[in-house]
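# Observations on the three-dimensional arrangement
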Amino acid sequence: MADNELESDKLPLHQKQNQMIRLSPGEIARLEQEQRKAQRIARLQQVRAQTKQVERKRTDAYQNLADKEWAAQHQAAENEWLADRDFIIAQAIDSLDQRAALFGLAHTHAKAIEEHQIDENAQLRDYVIHSQMNSIQRGHQALEDVIKPS
């Protein structure tokens, strides 16, 4: 109660025509109640603001953690994709190289066959020419035998 009396001394006095009138105990109680209510409201507002700030920090920390995790997962997926892509590209290049080697081998074989056919054609031509020359010589010989009887 001593505190209430001290607080009541601090409370304003009503002024009425340049006279100071002390507040009644009911008015003092009402003013003290309003002051406590205002303090309680201010404290609640402060607690709510602090709670919001704590929640904002917690949400930001969670969001940062989630962003870091997402970035790590994204990076891992991208690295895996790049490795797969590089592997597939290497396989495709190897396949192209094998096909090119097979085309080169086929070309070499075709060229060898062509050269062999050219040689065979040349031999066949030489044989035909030789055969025709023999036929012509035999024909001349036969004519000479017919024209000159022995």
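Residues numbered from 1 in each chain as written. Predicted model: local features only at pLDDT ≥ 70, side-chain atom pairs only at ≥ 80, totals over all residues. Heavy atoms only, no water.

## Regarding a nonpolar patch on the surface
- Taken together, the side chains of L124, Y127 and V128 present a nonpolar region at the surface, about 310 Å² in accessible area.
- Examined against the element boundaries, V128 turns out to sit in helix 2 (residues 25–147). (Patch = residues over 30% accessible without salt bridge, like charges linked within 9 Å, V, L, I, M, F, W, Y side chains within 5 Å. Areas by Shrake-Rupley, 256 points an atom, 1.4 Å probe, with all protein chains shown as cover. Salt bridge = Lys/Arg side-chain N within 4 Å of Asp/Glu carboxyl O. Helix = DSSP H or I, 4+ residues; strand = E, 2+ residues; numbered from the N terminus.)

## Some remarks on a negative patch on the surface
- On the surface, a cluster of negative charge is contributed by E114, E115, D119 and E120.
- By the element assignment, E114 lies in helix 2. (Lys, Arg positive; Asp, Glu negative; His and termini not counted. Charge placed at Lys NZ, Arg CZ, Asp CG, Glu CD.)

## Some remarks on the pattern of salt bridges
- Summed over all chains, the structure comprises three salt bridges.
- The salt bridge involving E55 is made with R58; its shortest N-O contact spans 2.6 Å. Taken as a pair, E55 and R58 lie in helix 2 at a separation of three residues, close to a single helical turn.

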